[in-house]
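Each chain, written out:
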Amino acid sequence: MKEYDNQQKEFMERKEEFYRYPERYRVEPFRIIGNLYFIGNQDVAAYLLDTEEGVIILDTGYPTTQGLLIYSIMKLGFSMEQIRIILHTHGHFDHMGATALLKQLSGQAVTYMGWRDGEMLEKQPEMALAEISGCPYFSVWQPDQLLHDNDVVSLGTTQILAVETPGHTDGTLSYFFFVKEGGVQYRCGLMGGAGLNTLTRAFIQRHKRSYAREEFLQSICKIYQEKVDINLGNHSLQNFTLEKRKRMLAGEGGNPFVDSGEWQRFLDKTRVGFEKMIKNERE
């Protein structure tokens, strides 16, 4: 389909510099709050949770930025051998590109993904969109454990709730967990897939995903009322990570990541963007 091909061409043109010079997009890793750290880059987010039993990684970014991810983990004082669990929001290349290497270097990490995306990677590996990864040698791997709705992943006293929120991919998961700082407990929420690129008419027609749009809206409704104190994006722009970091460094007072209303505002914005895309298609 010409429309789809044009979209992919535009995508690659935007990403070309990022793929060629990923070091230009490095972000100095930092502690967000409590035992939660940011280890992603200017485009794709990744997080580290430090528990008394080892480290949990949430998403691993592009295959072309795996060196940056490892650098960030070590810069914070952690070692590869401390990694016990690697969670994924969904099965696209830009959120699992460094997983195979991290697993190998850790010697023991267990990888997790939603069961529908696990099946996708096994039966339709092309749906990981690896052909546009910027890394011709990237190959799709299989997760060790598959997660279902309301499964809980635990390490030490840290418990992470996985909620099925399909749409962006069939097996997208959103995660919820608590962190504590200064005797106060905060609930973090990470929506697993807010991107509309896989919900366009062209993408849906090419990949026969006619059900995906309805699932996407249902997913937004499903998690809308969740109480979330800290909204985490799986892309850095989704929750204004870099802007908040600047405010932290400026010492403006308070932690800018703590905002009990941002979760709903983010989901509202996501829904509006989806509805605008549908409207534009009809015009």
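The present account deals with the structure reproduced in this document. Sequence order as written defines the numbering, with residues in each chain counted from 1. For this predicted model, a pLDDT threshold of at least 70 governs which residues receive local features, and a threshold of 80 or more governs which side-chain atom pairs are given and counted, while totals over whole chains, interfaces and linings are taken from all residues. Hydrogens are left out, water is left out, and the side-chain values use all remaining heavy atoms of the structure.

1. A short note on the overall build of the chain
Here is the rule: A run of H or I in DSSP becomes a helix once it reaches four residues, and a run of E becomes a strand once it reaches two; helices and strands are each numbered from the N terminus. When a residue's accessible area, from a 1.4 Å probe over protein chains only, is under 20% of the maximum for its type it is buried; when over 50% it is exposed; and in between it is partly exposed. Contact definition: two residues touch when any of their heavy atoms are within 4.5 Å. All accessibility values rest on the Shrake-Rupley procedure with a 1.4 Å probe; residue burial counts only the protein chains present in the view. When charges are counted, Lys and Arg are positive and Asp and Glu negative, with His and the chain ends excluded. A charge is said to be at NZ when it belongs to Lys, at CZ for Arg, at CG for Asp and at CD for Glu.
For the chain, the count of helices and strands is eight helices and 12 strands. Expressed as lengths along the three principal axes of its C-alpha atoms, the size of the chain is roughly 55 × 40 × 35 Å. Within the chain, the proportion of its 283 residues that are buried is 54%. By sequence separation, contacts in the chain at least 24 residues apart represent 68% of the contacts at least 6 residues apart. For the chain, the exposed surface amounts to about 13100 Å²; the carbon and sulfur share of it is 50%. One way to put it: in the chain the 32 positive side-chain charges average out to a point 4 Å from where the 38 negative ones average out.

2. A few points about the sheet that holds strand 8 (residues 151-155)
Heads up, the condition is: Only strands that DSSP links by at least two bridges are regarded as paired with each other. Every axis in this analysis is a line fitted to C-alpha atoms, fitted for helices over the stretch in contact. Angles between the N-to-C directions lie between 0 and 180 degrees.
Reading across from one edge, 8-9-10-11-12 is the order of the five strands in this open sheet, with mixed pairing throughout. Of all strands in the sheet, those with a lone pairing partner are strand 8 and strand 12 (230-232), marking the two edges. Strand-to-strand twist in this sheet, taken as the mean axis angle between neighbours without regard to direction, amounts to 25 degrees.

3. Here's the deal with the pattern of salt bridges
The test is simple: Salt bridges are defined by distance alone: a side-chain nitrogen of Lys or Arg within 4 Å of a carboxyl oxygen of Asp or Glu.
Counted under the stated rule, the structure contains 13 salt bridges. Arg31 is the salt-bridge partner of Glu181, the closest N and O atoms lying 2.3 Å from each other. One end of the pair, Glu181, is in strand 10 (residues 173-181); the other, Arg31, is in strand 1 (residues 30-33), with 150 residues separating them in the sequence. Residue classification places Glu181 among the partly exposed positions, given a relative accessible area of 29%. Between Glu281 and Arg213 there is a salt bridge; the shortest N-O distance is 2.8 Å. Remark: Arg213 occurs in helix 6 (residues 212-223) and Glu281 occurs in helix 8 (residues 262-282); sequence separation between them is 68 residues. Through salt bridges with shared partners, a single network forms among Arg116, Asp170, Arg209 and Glu215.

4. Description of helix 3 (residues 99-106)
Note the cut-off: Relevant arc is that of directions from the helix axis to the C-beta atoms, nothing else.
Within the span of helix 3, buried status applies to Thr99, Leu102 and Ser106. Around the axis of helix 3, the buried residues are gathered within 65 degrees of arc, so they sit on the same side. In this structure, the buried side of helix 3 is in contact with helix 2 (66-75), strand 5 (83-87) and strand 6 (110-114). Count one or two residues on from helix 3 and you reach Gly107, which has phi positive near 80 degrees.

5. Let's talk about helix 8
Rules: Residue count minus one, scaled by 1.5 Å, sets the expected span of a helix.
An ideal rise of 1.5 Å per residue puts 30 Å on 21 residues; helix 8 measures up with 30 Å between its terminal C-alpha atoms. Contacts made by the buried residues of helix 8 are with strand 10, strand 11 (184-190), helix 5 (201-207), helix 6, strand 12 and helix 7 (241-250).

6. Considering the packing of aromatic side chains
The cut-off we apply is this: Two rings from Phe, Tyr or Trp (for Trp, the six-membered ring) form a pair when their centres sit within 6.5 Å of each other. Planes less than 30 degrees apart are called stacked, planes more than 60 degrees apart edge-to-face, and all others tilted. A ring has a charge above it when a Lys NZ or an Arg CZ is no more than 6 Å from the ring centre and no more than 35 degrees off the ring normal.
Scanning the model with the defined rule gives eight aromatic pairs in all. With a centroid separation of 5.5 Å and an interplanar angle of 70 degrees, the aromatic rings of Phe176 and Trp263 are classed as edge-to-face. Pair noted here: Phe176 is in strand 10 and Trp263 is in helix 8, with a separation of 87 residues, a long-range link. Among the residues examined, Trp263 registers a relative accessible area of 0% and is labelled buried. Cluster of aromatic residues (ring-pair linked, three or more members): Phe30, Phe38, Tyr47 and Phe257. Directly above the ring of Tyr21 sits Arg24, whose terminal nitrogen or CZ lies 3.9 Å from the centroid.

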